[in-house]
Amino acid sequence: MAAAGFLVTLAIFLVSSSSFSYAFDDDPLQDFCVAVPDASAVFVNGKICKNPKQVTTDDFLATGFNTPASTNNSLGFGVKVADVNLIPGLNTLGLTVLRVDFEPDGVVPPHMHPRATEVIVVLEGTIYAGFVTSNPTDNTKNKLFAKILKPGDVFVFPIGLVHFQRNVGETKGMGIVGFNSQNPGVITTGNAVFGTDPRIAPEVLTKSFQVDKKVIEYLQSKF
């Protein structure tokens, strides 16, 4: 009976533990696992590890974050990403960092990261940033949490929630962003709804958004 009770307890523990695993990358079981580029292999978590004897200091280094990212696009923002593809030493460490630059009125459109919480540190400009809660269970409206951020401000976007940033200042803006995942992923709301290949049937979106079919077709043409 004691053994049976132990097995039941162990099973409950394992199920409970697995329920939390989606919120962050698995902890590594070694000091580091420097990635080896291998386009032919796909892994659930991480990449192939380099022989530790062949690891160098440069495997943990990236340069160029002092220069702005290109913002020459219709949205007026750009990013430089320091992930495992740029810094092989980040492999299995559950971290991604990027620099985001804004033109005046530049906007990072509503999007979400399915595998990571995001934090932004504003260093230049005046950034309007916010996130929206998931659908309430009491049929009330989704709640917006938003703030005007200035240099020195830090703002957090919880994992999986739709969020955005916009430079509302008259000068360029810039911030450093961190994710608690090696591969946070990104789903841009507009692209996911109106820019799929093949396209979602307009009838589905017309009914969903309660607008004329021509509006949906126009939005799909934009993506």
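Residues numbered from 1 in each chain as written. Predicted model: local features only at pLDDT ≥ 70, side-chain atom pairs only at ≥ 80, totals over all residues. Heavy atoms only, no water.

The name recorded for the protein in an unreviewed UniProt entry is Germin-like protein, from Coffea arabica. Its UniProt record, at the heading Subcellular location (unreviewed entry), says of the protein: "Secreted, Extracellular space, Apoplast". (UniProt positions renumbered as here; feature names shortened; annotations may be inferred.)

For the rest of this paragraph, the subject is the overall build of the protein. The helix and strand tally for the protein stands at four helices and ten strands. Of the regular secondary structure in the protein, the N- to C-terminal order runs α-β-β-β-β-β-β-β-β-β-β-α-α-α. Within the protein, the fraction of its 223 residues that count as buried is 30%. Pairs at least 24 residues apart make up 70% of the contacts formed inside the protein by residues separated by at least 6 positions. When the accessible surface of the protein is summed, it comes to about 14200 Å², and 61% of that surface belongs to carbon and sulfur atoms. (Helix = DSSP H or I, 4+ residues; strand = E, 2+ residues; numbered from the N terminus. Buried < 20%, exposed > 50% of the residue type's maximum accessible area, 1.4 Å probe, protein only. Contact = heavy atoms within 4.5 Å. Areas by Shrake-Rupley, 256 points an atom, 1.4 Å probe, with all protein chains shown as cover.)

Attention now goes to helix H3 (residues 202-209). Burial in H3 covers these residues: Pro202, Leu205 and Thr206. Angularly, the buried residues of H3 cover 105° about the axis, an arc narrow enough to put them on a single face. Turned more than 90 degrees from where H3 packs its buried face, Lys207 and Ser208 sit exposed. Looking at the packing, one finds that the buried side of H3 touches helix H2 (189-194) and helix H4 (213-222). One or two steps after H3, the chain reaches Gln210, where phi turns positive at roughly 55°. (Arc of directions from axis to C-beta.)

What follows is about the nonpolar core. Val100, Ile120 and Leu149 are the most contacted members of the largest nonpolar core, which has 17 residues in total. Among the elements of the structure, strand E2 (96-102), strand E4 (118-124), strand E5 (127-132), strand E7 (154-157) and strand E9 (173-179) are those that each provide at least two residues to this core. (Core = buried A, V, L, I, M, F, W, Y, C linked by side-chain atoms within 4.5 Å.)

Both the distance between ring centres and the angle between the ring planes are used here to describe each pair of aromatic rings. On inspection of all chains with the given rule, the structure shows six aromatic pairs. Pairwise contacts between aromatic rings join Phe131, Phe145, Phe155 and Phe157 into one cluster. (Phe/Tyr/Trp six-rings, centres within 6.5 Å; stacked < 30°, edge-to-face > 60°.)

Right, let's get into the environment of Ala201. Tracing the backbone shows Ala201 in the loop between H2 and H3. Residue Ala201 is classed as partly exposed on the basis of its relative accessible area, which comes to 36%. Along the sequence, Ala201 and Ile216 sit 15 residues apart, while their C-alpha atoms lie 9.7 Å from each other.

Regions with low pLDDT should not have their predicted coordinates read in detail. Per-residue confidence for the protein averages 87 on the pLDDT scale, and 85% of its residues sit at or above 70. Segment residues 6-23 is flagged for pLDDT under 50; beyond a separation of four residues in sequence, or across chains, it makes three contacts in the model. (pLDDT = per-residue confidence, 0-100.)

By the definition in use, this model includes one disulfide. The disulfide partner of Cys33 is Cys49, and the gap between their sulfur atoms is 1.6 Å. Where Cys33 bonds to Cys49 through sulfur, the torsion about that S-S bond is close to -90°, and the disulfide is left-handed. Of the two residues, Cys33 sits in the loop between helix H1 (2-20) and strand E1 (77-82) while Cys49 sits in the loop between H1 and E1, which places them 16 residues apart along the sequence. By relative accessible area, Cys49 is classed as partly exposed at 40%. (Disulfide = S-S within 2.5 Å.)

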